[in-house]
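Here's the letter readout for the chains.
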Amino acid sequence: MAHSRQVLIFNTGSSSLKFAVVDPGSGEASLSGIADSLGGPEPALEWKIRDNEEQIQLSTGANHGDAIRVLVEEILAGLPELHGQLVAVGHRVVHGGEEFADSALIDSQVIEAIEKCAHLAPLHNPAALAGIRAAKQAFPELPQVAVFDTAFHQTLPQHAFLYALPYQLYREHKIRRYGMHGTSHKFVSERAAALLQRPLSKTNTITAHLGNGASITAVKGGVSVDTSMGMTPLEGLVMGSRCGDIDPGVLVHLGDALEYSPEALNQVLNRESGLLGISELSNDCRELEQAATDGHRGALLALEIFCYRLAKYVAAYTLPLRRVHGLVFTGGIGENSSWIRARTMHWLGAISYELDSQQNEQMRYGAEGLISRAGTPPALVIPTNEEWVIARDAARLVEGRGT
Ligand code: AMP
């Protein structure tokens, strides 16, 4: 029966495993949880069924496979109603390189292709592969599907995805913009078209996914035509602890004059920059807003740089779209921070955006709707739901097998 189909979703990090059981029809998650600190001295597994939360300690050094075994034996075994309803396992995979423009049913060729892209996401892709292997062992009867963060952006034209580097670096090493957060940008751009009551194929949106990682995408008629993250998730907007755009000459200077090693560069650009680096206080937007309200100048400056950079990108992305039907804020910050939205809209006043302050204050904790004044360019808040996209894609591909 269509209503009883469920997809088990895995989002595997290097030392964590998020999981959920999601109905591809409604997006509702009947189970969700996370195994954390895997490989460490005190790994733990927390989960939520409906509104009941539970937690257990895993044995020291437990890995992804151990966590999945506990999920099967301790959690899923207690949910007999799910048996027979699970139709697929969907895996979030960060980098699909140029190999994948859509999600894929996992077979040995797909695994090989994911391995081939691993140099582009050395922390993430091997973790996803570990999750896929463990899930195959635990659920040998279920088809597995890979959903790639990069796939939605494979429609970028060459003039948007190529760096102005020697072409040979692209030809031989595939150095180019790939973009990330594709499942989120896809989901909110589709939802925006529905909310604006327009056909997707005739709707142009600029979607700003603002979480700990942040990226912005120009979506023309449902198709990604430009995006701010690059070959890695470091380019573009200011993020929690990542710098986003900087002059590449700075890297040369840091390496040459200040003798930063590649590891030290990686550390400073990924973990010590962004909101944290500027504020010298925190990578957490909520904390910075509180500090800024209390007069912390670093916090105020960090938030302002974040908003200015974001507004610059919005203005730039009107170019490939020509007509923008909706600007969408999503992610933990986009969905909840009226501060960030208000300051960004302030900068965007230059291109006719106007904030409805009352509406803006009301949009948080899962609320959805317009924050712009009537008669001005529409700006919306739309909560993202990446798990739903993964569940829908997995169900679609499984059905398409013609079984
Ligand atoms: P995410 O990575 O999507 O979970 O987003 C995490 C970011 O969202 C953090 O910087 C949080 O501080 C921010 N965030 C979550 N809730 C709020 C809130 N109510 N106000 C401001 N920022 C928030």
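Scroll up to find the structure this text is about.
Residues numbered from 1 in each chain as written. Predicted model: local features only at pLDDT ≥ 70, side-chain atom pairs only at ≥ 80, totals over all residues. Heavy atoms only, no water.

K.L.:
Provide a residue-level description of the overall build of the chain, including the pertinent values.
P.N.:
Scanning the chain from N- to C-terminus turns up 15 helices and 14 strands. Taken over C-alpha atoms, the radius of gyration comes to 21 Å for the chain, in line with the 22 Å a tight globule of 403 residues would show. Projecting the C-alpha coordinates of the chain onto the three principal axes gives extents of approximately 55 × 55 × 45 Å. Taken over 403 residues, the chain has a buried fraction of 50%. Counting only contacts in the chain whose residues sit at least 6 apart along the sequence, the fraction spanning at least 24 positions is 62%. When the accessible surface of the chain is summed, it comes to about 18900 Å², and 51% of that surface belongs to carbon and sulfur atoms. (Helix = DSSP H or I, 4+ residues; strand = E, 2+ residues; numbered from the N terminus. Rg over C-alpha atoms; globule rule 2.2 N^0.38 Å. Buried < 20%, exposed > 50% of the residue type's maximum accessible area, 1.4 Å probe, protein only. Contact = heavy atoms within 4.5 Å. Areas by Shrake-Rupley, 256 points an atom, 1.4 Å probe, with all protein chains shown as cover.)

K.L.:
Mind laying out the site of the ligand, listing which residues take part and the relevant values?
P.N.:
All residues adjacent to the ligand are Gly211, Asn212, Asn283, Asp284, Cys285, Arg286, Glu289, Gly331, Gly332, Ile333, Asn336 and Ser337. The side chain of Asp284 places a nitrogen or oxygen atom 2.8 Å from an oxygen atom of the ligand. The separation between an oxygen atom of the ligand and a polar main-chain atom of Gly332 is 2.9 Å. Contact with the protein chains removes 76% of the 500 Å² of surface that the ligand exposes when unbound. Top element by residues in the shell around the ligand is helix α12 (residues 331-336). It accounts for four residues. Among the residues making up the shell around the ligand, the classes are represented as two nonpolar, seven polar and three charged. (Near = heavy atom within 4 Å. Polar contact = N/O pair within 3.5 Å; in protein donor to acceptor, adjacent residues only side chain to side chain. Nonpolar A, V, L, I, M, F, W, Y, C, P; charged D, E, K, R; others polar.)

K.L.:
Just give me the short version of the sheet that holds strand β2 (residues 17-22), but keep the residues and values in it.
P.N.:
One key point about sheets: their strands pair by backbone hydrogen bonds, in either a parallel or an antiparallel sense. Taking strand neighbours across the sheet as the criterion, the eight strands line up as β5-β4-β3-β2-β1-β6-β8-β7 in an open arrangement whose pairing is mixed. Both outer strands of the open sheet, β5 (52-57) and β7 (104-105), are each paired with one neighbouring strand and no more. (Pairing = 2+ DSSP bridges.)

K.L.:
Explain helix α10 (residues 285-293) to me, and be specific about the residues and the numbers.
P.N.:
Along an α-helix, residues three or four apart share an orientation, since each turn contains 3.6 residues. For α10, every residue scored as buried is listed here: Cys285, Leu288, Glu289, Ala291 and Ala292. Looking down the long axis of α10, one finds its buried residues gathered within 165° of arc, a one-sided arrangement. In α10, those exposed residues whose orientation departs by more than 90 degrees from the buried face are Arg286 and Thr293. Tucked inside the fold, the buried residues of α10 contact α9 (274-279), α11 (297-321), α12 and α13 (338-347). Among the residues of α10, the N-terminal cap falls to Asp284, whose side-chain oxygen and the backbone nitrogen of Arg286 are separated by 3.0 Å. Looking at the residues trailing α10, positive phi occurs at Gly295, about 95°. (Arc of directions from axis to C-beta.)

K.L.:
How would you summarise the pattern of salt bridges if you had to cite specific residues and measurements?
P.N.:
What the rule picks out here adds up to 18 salt bridges. The salt bridge involving Arg133 is made with Glu115; its shortest N-O contact spans 2.7 Å. In this pair, Arg133 sits in helix α3 (residues 124-138) while Glu115 sits in helix α2 (residues 108-116), placing the two residues 18 residues apart along the sequence. If you follow the salt bridges from partner to partner, you end up with Glu98, Lys174 and Arg176 in one network. (Salt bridge = Lys/Arg side-chain N within 4 Å of Asp/Glu carboxyl O.)

K.L.:
Describe a negative patch on the surface, naming the residues involved and giving the relevant values.
P.N.:
On the surface, a cluster of negative charge is contributed by Asp36, Glu46, Asp51 and Glu53. Here Asp51 is to be found in the loop between β4 (44-49) and β5. (Patch = residues over 30% accessible without salt bridge, like charges linked within 9 Å, V, L, I, M, F, W, Y side chains within 5 Å. Lys, Arg positive; Asp, Glu negative; His and termini not counted. Charge placed at Lys NZ, Arg CZ, Asp CG, Glu CD.)

K.L.:
Report on the environment of Gln85, specifying residues and quantitative values.
P.N.:
By the element assignment, Gln85 lies in the loop between α1 (64-75) and β6 (86-93). Taking C-alpha positions, Gln85 is 32 Å from Gly61, a pair spaced 24 residues apart along the chain. When residues no more than four places from it in sequence are discounted, the contact partners of Gln85 are Ser4, Arg5 and Gln6.

K.L.:
Give a description of the sheet that holds strand β14 (residues 379-381) that names residues and reports values.
P.N.:
Taken together, the six strands give an open sheet; going across it, the order is β11-β10-β9-β12-β14-β13, and neighbouring strands pair in mixed fashion. Two strands close off the open sheet at either side, each with one partner strand: β11 (223-227) and β13 (369-370). Note that strand β9 (residues 204-210) and strand β12 (residues 326-330) share five bridges and pair parallel. Within β12, the residue paired with Thr205 across the bridge is Gly326. Together, β9, β10 (214-220), β11 and β12 form the strand contacts of α11, whose direction differs from that of β10 by roughly 20°. (Axes fitted to C-alpha atoms, helices over the stretch in contact; angles between N-to-C directions.)

K.L.:
Which residues make up the packing of α1 against α3, and what values do they have?
P.N.:
Put simply, α1 and α3 touch, their axes get as near as 9 Å, and they point 40° apart. The pairing of α1 with α3 is recorded here as oblique in orientation. Two packed elements cross with a definite hand, and for α1 against α3 that hand is right-handed. The residues of α3 that touch α1, namely those facing His64, Gly65, Ile68 and Val72, are Ala130, Gly131, Ala134, Ala135 and Ala138. (Parallel < 35°, antiparallel > 145°, perpendicular 65-115°, else oblique. Left-handed = near helix turned anticlockwise from the far one by under 90°.)

K.L.:
Could you give me a rundown of the nonpolar core, with the residues and numbers involved?
P.N.:
Formed by 43 residues in total, the largest nonpolar core has its most connected members in Leu210, Ile216, Phe306, Leu327 and Phe329. Considering each element in turn, this core owes the most residues, 11 residues, to α11. Discounting residues that sit within four places of it in the chain, Phe329 has contacts with Ala208, Leu210, Leu310, Gly334, Arg341, Thr344, Met345, Ile371, Ala379, Leu380, Val381 and Ile382. Membership of the second largest hydrophobic core comes to 26 residues, among which are Val21, Ala67, Ile68 and Leu79. (Core = buried A, V, L, I, M, F, W, Y, C linked by side-chain atoms within 4.5 Å.)

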